[in-house]
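# Summary of structural features
Chain residues, written in single-letter form:
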Amino acid sequence: MPAEIDHAKRALRADLRERRALLSDQQRAAAEAGITARLDELIAARGARSVSCFLSTTTEPGTRAFIRAAVARGIRVLLPITRADGLLDWAVADGDDEVNIGLHGLPEPTGEILNPMALDEVDLLIVPAAAVDRSGMRMGWGRGYFDRTLGSMQKCPPVYAVVFDSEILDEVPRDVHDQPVTGAVTPLRTVVFPLS
Ligand SMILES: Nc1nc2c(c(=O)[nH]1)N(C=O)[C@@H](CNc1ccc(C(=O)N[C@@H](CCC(=O)O)C(=O)O)cc1)CN2
Ligand SMILES: Nc1ncnc2c1ncn2[C@@H]1O[C@H](COP(=O)(O)OP(=O)(O)OP(=O)(O)O)[C@@H](O)[C@H]1O
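Summarised in this report is the structure supplied together with it. (Residues numbered from 1 in each chain as written. Chains lettered and ligands numbered in written order. Predicted model: local features only at pLDDT ≥ 70, side-chain atom pairs only at ≥ 80, totals over all residues. Heavy atoms only, no water.)

Next up on the list: the overall build of the chain. Regarding its fold elements, the chain presents 4 helices and 12 strands. Computed over C-alpha atoms, the radius of gyration of the chain comes to 16 Å, within 12% of the 16 Å expected from 2.2 N^0.38 for 196 residues, which places it in the range of a compact globule. Taken over the C-alpha atoms alone, the chain extends approximately 45 × 35 × 35 Å along its principal axes. Burial analysis of the chain (196 residues in total) assigns 49% to the buried set. Summarising the internal contacts of the chain: among those between residues at least 6 apart in sequence, 70% fall at separations of at least 24. As displayed, the chain has an accessible area near 9,700 Å², and 53% of this comes from carbon and sulfur atoms. For the chain, the centre of its 22 positive side-chain charges and the centre of its 28 negative side-chain charges are spaced 2 Å apart. (Helix = DSSP H or I, 4+ residues; strand = E, 2+ residues; numbered from the N terminus. Rg over C-alpha atoms; globule rule 2.2 N^0.38 Å. Buried < 20%, exposed > 50% of the residue type's maximum accessible area, 1.4 Å probe, protein only. Contact = heavy atoms within 4.5 Å. Areas by Shrake-Rupley, 256 points an atom, 1.4 Å probe, with all protein chains shown as cover. Lys, Arg positive; Asp, Glu negative; His and termini not counted. Charge placed at Lys NZ, Arg CZ, Asp CG, Glu CD.)

Turning to the site of ligand 2, a few remarks are in order. Around ligand 2 sit 15 residues, and of these Arg13, Arg138, Phe146, Asp147 and His177 come closest. At a separation of 3.0 Å, an oxygen atom of ligand 2 approaches a polar backbone atom of Gly142. When atoms are counted within 2 Å of each cavity's grid points, the one that captures over half of ligand 2 is the largest pocket. When contributions to the shell around ligand 2 are tallied by element, the ones reaching two or more residues are helix H1 (3–21) and helix H4 (145–151). For the shell around ligand 2, the element with the most residues is H4, which contributes 4 residues. (Near = heavy atom within 4 Å. Polar contact = N/O pair within 3.5 Å; in protein donor to acceptor, adjacent residues only side chain to side chain. 1 Å grid on protein atoms, 1.4 Å probe; cavity = no way out; pocket = protein on both sides within 12 Å on 5 of 7 lines; lining within 4 Å. Sits in = over half its atoms within 2 Å of the grid points.)

Neighbouring ligand 1 are 14 residues, the closest being Arg17, Leu55, Glu60, Arg143 and Phe146. At a separation of 2.8 Å, a nitrogen atom of ligand 1 approaches a polar side-chain atom of Glu60. A total of 680 Å² of accessible area belongs to ligand 1 in isolation, and the protein chains cover 78% of it. Contributing elements (two or more residues each) for the shell around ligand 1: strand E2 (76–82) and H4.

Looking now at empty space enclosed by the protein. Summed over all chains, the structure comprises 1 cavity of 30 Å³ or more. Taken as a whole, the largest cavity encloses approximately 170 Å³ of empty space. Ranked by residues supplied to the lining of the largest cavity, first place goes to helix H3 (residues 64–72) with 3 residues. (Points joined across faces, edges and corners; volume = space filled by probe spheres on them.)

A separate point is the pattern of salt bridges. Opposite charge on two side chains permits pairing when their charged atoms draw close. Summed over the entire model, instances satisfying the criterion amount to 10 salt bridges. When the shortest N-O distance is used, the salt bridge between Asp15 and Arg19 registers 3.8 Å. Placement of both Asp15 and Arg19 in helix H1 is noted, with a separation of 4 residues, approximately one turn of the helix. Taking relative accessible area as the criterion, Asp15 reaches 38% and is therefore assigned partly exposed. A relative accessible area of 40% places Arg19 in the partly exposed class. (Salt bridge = Lys/Arg side-chain N within 4 Å of Asp/Glu carboxyl O.)

Quick look at the structure:
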């Protein structure tokens, strides 16, 4: 990618990472409660029966309460497993809290491994992001996993990024391969892009 874009992304990621690290346990708990409520509303509004999500780390907006409750209600939730070739495998969340530590030190599901095509069967994708902008461009953590995944899907269902409220920016640095998202879910609101 062009050097200026690469540099701008790195600088912005460092800034965002630092801000996430500063949140208190109380702020994280409130964010997880908000994210759970927003995601519950979203899948109800979309009538989704099968979704993909991700197992949040301690600094990401918490998705685990949502996953646990969705699985208990009979929603099929696929969770990503990183592969060395830059693609993602998937496993169905089974409602227990057992996790493996994956390739990049991220929490990953245990359970039967499904190949990248498993994603073609979901009604809605819930993806991690470092930030999104008002046009729907998404910036991740820099390995291109979701750009590759979204770019290779036959027919892509709606995609919502999970971010903190302060991470919806006017503009994020953009490469040609970057894939836009449909909307974003924050602890306080759900937005659909483009935001006017
Ligand atoms: N919880 C969670 N699971 C996820 C993602 C995520 O963002 N969150 N991913 C979303 O795509 C995929 C993994 N993506 C990754 C993206 C970057 C790096 C990484 O190591 N990046 C930098 C350092 C990170 C930073 O700048 O803060 C590095 O290369 O050293 C690892 C995995 C799949 N699973
Ligand atoms: N569709 C693609 N095909 C091949 N390489 C890609 C593709 N998308 C991204 N990449 C490569 O992946 C690397 C990281 O891209 P980028 O910084 O846009 O990732 P990201 O969206 O922040 O990460 P993630 O999706 O893992 O959260 C870049 O070197 C880029 O060239």
